[in-house]
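What follows is each chain in one-letter form.
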Amino acid sequence: MAALVTKLAHEYHLKTEGDIQTKRFRGWENDSLLEQKVEQFITNIEQLTPGNYLFVEHPGLDGPEMQAVKGNVAINRQHVTDIFTHPEVKKALLKKGVQLVNYNDLF
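Everything numeric here is computed off the predicted structure, so don't read it as measured data. (Residues numbered from 1 in each chain as written. Predicted model: local features only at pLDDT ≥ 70, side-chain atom pairs only at ≥ 80, totals over all residues. Heavy atoms only, no water.)

Re the overall build of the chain
- Within the chain, the secondary structure is distributed over five helices and two strands.
- For the chain, the N- to C-terminal ordering of α and β elements is α-β-α-β-α-α-α.
- Its C-alpha atoms give the chain principal-axis dimensions of roughly 45 × 40 × 20 Å.
- The 107 residues of the chain split such that 24% are buried. (Helix = DSSP H or I, 4+ residues; strand = E, 2+ residues; numbered from the N terminus. Buried < 20%, exposed > 50% of the residue type's maximum accessible area, 1.4 Å probe, protein only.)

Shown next, in the form of structure tokens:
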């Protein structure tokens, strides 16, 4: 599968994760309660060292469309939105001096 992704990325002039120098950022444990996730995320922000980090998540809203997906997708996506917009998370990012960028900014 990785070979196919690499081939297609090259063919369509797309960048892949291997083309950029980033470290993985671990956000939170998905089986935690929302407030535990917020605390884990803030702790992980506080432990960052200088460098570029990649953190991929999928924010969404816990509504009928997301609830139609099997599993806990709707609530998990709502948690991502709640964490990203949580005042304490925003405060931790500012305090640490984290500069948020989008994927295109890495190239």
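A few points about a nonpolar patch on the surface
- Together, Met 1, Leu 4, Val 5, Leu 8, Tyr 12 and Leu 14 line one region of the surface with nonpolar side chains, adding up to about 660 Å² of accessible area.
- Within the secondary structure layout, Leu 4 lies in helix H1 (residues 2-11).
- You can call Leu 4 partly exposed: its relative accessible area is 46%. (Patch = residues over 30% accessible without salt bridge, like charges linked within 9 Å, V, L, I, M, F, W, Y side chains within 5 Å. Areas by Shrake-Rupley, 256 points an atom, 1.4 Å probe, with all protein chains shown as cover. Salt bridge = Lys/Arg side-chain N within 4 Å of Asp/Glu carboxyl O.)

Notes on helix H5 (residues 87-96)
- Val 89, Ala 92 and Leu 93 are the residues of H5 that are buried. Buried residues along H5 cover an arc of 100° about the axis, so they all sit on one side. Along H5, exposed side chains directed more than 90 degrees from the buried face belong to Pro 87, Lys 91, Leu 94 and Lys 95.
- Contacts made by the buried residues of H5 are with helix H2 (34-46) and helix H4 (73-84).
- Positive phi shows up at Gly 97, right after H5, with a value of about 80°. (Arc of directions from axis to C-beta. Contact = heavy atoms within 4.5 Å.)

Quick word on the packing of H2 against H4
- Relative to each other, H2 and H4 sit at 50°, their axes nearing to 10 Å. With respect to each other, H2 and H4 are oriented oblique. Every pair of crossing elements has a handedness; the one defined by H2 and H4 is right-handed. Across the interface between the two elements, Leu 34, Lys 37, Val 38 and Phe 41 of H2 pack against Asn 76, His 79, Asp 82, Ile 83 and Phe 84 of H4.
- Tallied by class, the residues present in the contact of H2 with H4 amount to five nonpolar, two polar and two charged. (Axes fitted to C-alpha atoms, helices over the stretch in contact; angles between N-to-C directions. Parallel < 35°, antiparallel > 145°, perpendicular 65-115°, else oblique. Left-handed = near helix turned anticlockwise from the far one by under 90°. Nonpolar A, V, L, I, M, F, W, Y, C, P; charged D, E, K, R; others polar.)

Things to note about the environment of Glu 35
- Note on placement: Glu 35 falls in helix H2.
- The partly exposed category is assigned to Glu 35, whose relative accessible area is 45%.
- The spatial distance from the C-alpha of Glu 35 to the C-alpha of Glu 65 is 25 Å, given a sequence separation of 30 residues.

Section: the nonpolar core
- Judged by nonpolar contacts, Phe 25, Trp 28, Val 38, Phe 41, Ile 42, Ile 45, Leu 48, Val 80, Ile 83, Val 89, Ala 92 and Leu 93 together constitute the single largest core of 12 residues.
- Residue assignment for this core shows that the elements contributing at least two residues are H2, H4 and H5.
- In terms of residue count, the dominant contributor to this core is H2 (four residues).
- Setting aside anything within four residues of it in sequence, one finds Ile 83 in contact with Trp 28, Leu 34, Lys 37, Val 38, Phe 41 and Val 89. (Core = buried A, V, L, I, M, F, W, Y, C linked by side-chain atoms within 4.5 Å.)

Distances and angles like these do not, on their own, reveal function.
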